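Structural overview for review
This is what each chain is made of:
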Amino acid sequence: METRLRIAPSLLSADFARLGEEVRAVIAAGADLIHFDVMDNHYVPNLTVGPIVCEAIRPHASVPIDVHLMVKPVDALIPMFAKAGASIISFHPEASEHVDRTLQLIRSHGVKAGLVLNPATPLHCLDHVLEQLDLVLLMSVNPGFGGQSFIEHVLPKIEAVRRRIDATGRDIWLEVDGGVKPDNARRIGAAGADTLVAGSAVFGAGHYADAIRRIREEAQAGRAQRAAALEKVSA
Ligand code: DX5
Ligand code: ZN
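The sections below set out a description of the structure shown in this document. Predicted, not measured: the structure shown is a model, and the values here were computed from it.

Side note on the site of ligand 1
Residues in contact with ligand 1 amount to 20 residues; listed here are only the nearest, Asp37, Gly144, Asp177, Gly199 and Ser200. Contact between ligand 1 and glycine 147: an oxygen atom at 2.8 Å from a main-chain N or O atom of the residue. Summarising the interface, the protein chains cover 100% of the accessible area of ligand 1, which totals 380 Å² for the free molecule. Sorting the residues of the shell around ligand 1 by element identifies strand 2 (34-39), strand 3 (65-70) and strand 8 (195-198) as the ones contributing at least two each. Examining the composition of the shell around ligand 1, we find that three residues originate from one element, strand 2, more than from any other. In the shell around ligand 1, the residues fall into eight nonpolar, ten polar and two charged.

Below is the structure:
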């Protein structure tokens, strides 16, 4: 199933003194989603922003806000982020006592639900829940900070999740987060990702539109390679 490739700039690397402006600039530059990283200094060592800031950027965001919760516990924040305008809420299974209940809670607010797997989190976490997900978010760095290097051994994991998603026949997004740059986006696309988060590679670039276009072109080239390889196998 070929969906449009999505680029989700992470606000973590934006200028926090000018967030509304940054959100508008990155959307004008071609962002498909705004990736919103929430860290609690408990589940991860860093501390960022909460629902109040999500609500503040909402009027500036003409694209969906993709909330990535790196917090423990998770549930109390879900109604707050739903009210603050989140379109997607993703959480880490290690951070919830009852993953199924948390997924139902997200969906009961009419928000799309995602599960986030750290580099070392095994794929069996997707057993029994994959069909309930709108999105699988694969971390390609350990969560907590922007600007880290892409962990190469996540590439076969992306391929494995792609196969599992395809086997469901459902349009579940496969998002990759951490260290995404123009020079690895092709391999990430070729492995089967359809949504790429990029923080420092977009906000650290002089020209946001150029950065987004380069990541998109590389990832699209990777997806085309993948499609051609699959066609060869089935021919
Ligand atoms: C890491 C965050 C990422 C991060 C990506 O914990 O979840 O979204 O901001 O930043 P870069 O693209 O700089 O690795
Ligand atoms: Zn993130």
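This is not the end of the story, as more comes after the structure.
A look at the sheet that holds strand 7 (residues 173-177)
Spatially, the eight strands line up as an open sheet ordered 1-8-7-6-5-4-3-2, and their pairing is parallel. Two strands lie at the open edges of the sheet, namely strand 1 (6-9) and strand 2, each paired on one side alone. Put simply, the sheet's adjacent strands are angled 25° from each other on average, direction ignored. Those strands touched by helix 8 (residues 208-234) are strand 1 and strand 8, and its axis lies near 140° from that of strand 1.

Here we look at the pairing of strand 7
The buried fraction of strand 7 is high, at five of five residues. Burial along strand 7 is two-sided: Trp173, Glu175 and Asp177 facing one way and Leu174 and Val176 facing the other are all buried. Judged from the five bridges that link them, strand 6 (residues 135-139) and strand 7 form a sheet pairing that is parallel. Paired with leucine 135 across the bridge in strand 7 is tryptophan 173. In this region the chain leaves strand 6, passes through helix 5 (residues 155-168) and returns to the parallel neighbour strand 7; the handedness of that crossover is right-handed. Note that the unit made of strand 7, helix 6 (residues 182-191) and strand 8 has a crossover that is right-handed.

Focus: the coordination of the zinc ion (ligand 2)
At this site the zinc ion (ligand 2) is bound by His35 (NE2), Asp37 (OD), His68 (ND1) and Asp177 (OD), with donor distances of 2.1 to 2.3 Å. Geometry at the zinc ion (ligand 2) is octahedral, judged from the six donor atoms that bind it and their angles of 70 to 171° at the metal.

What about the environment of valine 74?
Turning to its location among the elements, valine 74 is positioned in the loop between strand 3 and helix 3 (77-83). Given the relative accessible area of 1%, valine 74 is considered buried. Among all residues touching valine 74, those that are not within four sequence positions of it are Leu69, Phe91, Ala95, Ser96 and Thr102.

Regarding the nonpolar core
Counting 74 residues, the largest nonpolar core has Phe36, Val67, Leu69, Val136 and Ile158 as the members making the most contacts within it. The element contributing the most residues to this core is helix 5, with five residues. With near-sequence residues (within four places) excluded, valine 67 lies in contact with Phe36, Val38, Cys54, Phe81, Ala86, Ile88, Ile89 and Ser90. One finds Leu33, Leu135, Met139 and Val141 within the second-largest nonpolar core, a separate group that totals ten residues.

Re unusual backbone geometry
In the segment running from lysine 72 into proline 73, the intervening peptide bond is cis, with an omega of -5°. Mapping proline 73 onto the fold places it in the loop between strand 3 and helix 3. A positive phi angle, near 55°, is found at asparagine 41, a position not held by glycine. Tracing the chain through its elements places asparagine 41 in the loop between strand 2 and helix 2 (51-57). Phi is positive for histidine 128, close to 70°, though the residue is something other than glycine. Summarising the element assignment, histidine 128 is placed in the loop between strand 5 (112-117) and strand 6. Look at histidine 128 and you get exposed, because its relative accessible area is 79%.

Conventions adopted
Residues numbered from 1 in each chain as written. Chains lettered and ligands numbered in written order. Predicted model: local features only at pLDDT ≥ 70, side-chain atom pairs only at ≥ 80, totals over all residues. Heavy atoms only, no water. Near = heavy atom within 4 Å. Polar contact = N/O pair within 3.5 Å; in protein donor to acceptor, adjacent residues only side chain to side chain. Areas by Shrake-Rupley, 256 points an atom, 1.4 Å probe, with all protein chains shown as cover. Helix = DSSP H or I, 4+ residues; strand = E, 2+ residues; numbered from the N terminus. Nonpolar A, V, L, I, M, F, W, Y, C, P; charged D, E, K, R; others polar. Pairing = 2+ DSSP bridges. Axes fitted to C-alpha atoms, helices over the stretch in contact; angles between N-to-C directions. Contact = heavy atoms within 4.5 Å. Buried < 20%, exposed > 50% of the residue type's maximum accessible area, 1.4 Å probe, protein only. Right-handed = clockwise from strand over helix to strand, strands pointing away. Donors = N, O, S within 2.8 Å, 3.2 Å for Na, K, Ca; no water. Tetrahedral: all angles 85-135°; square planar, octahedral: opposite > 155°, others 65-115°. Core = buried A, V, L, I, M, F, W, Y, C linked by side-chain atoms within 4.5 Å.

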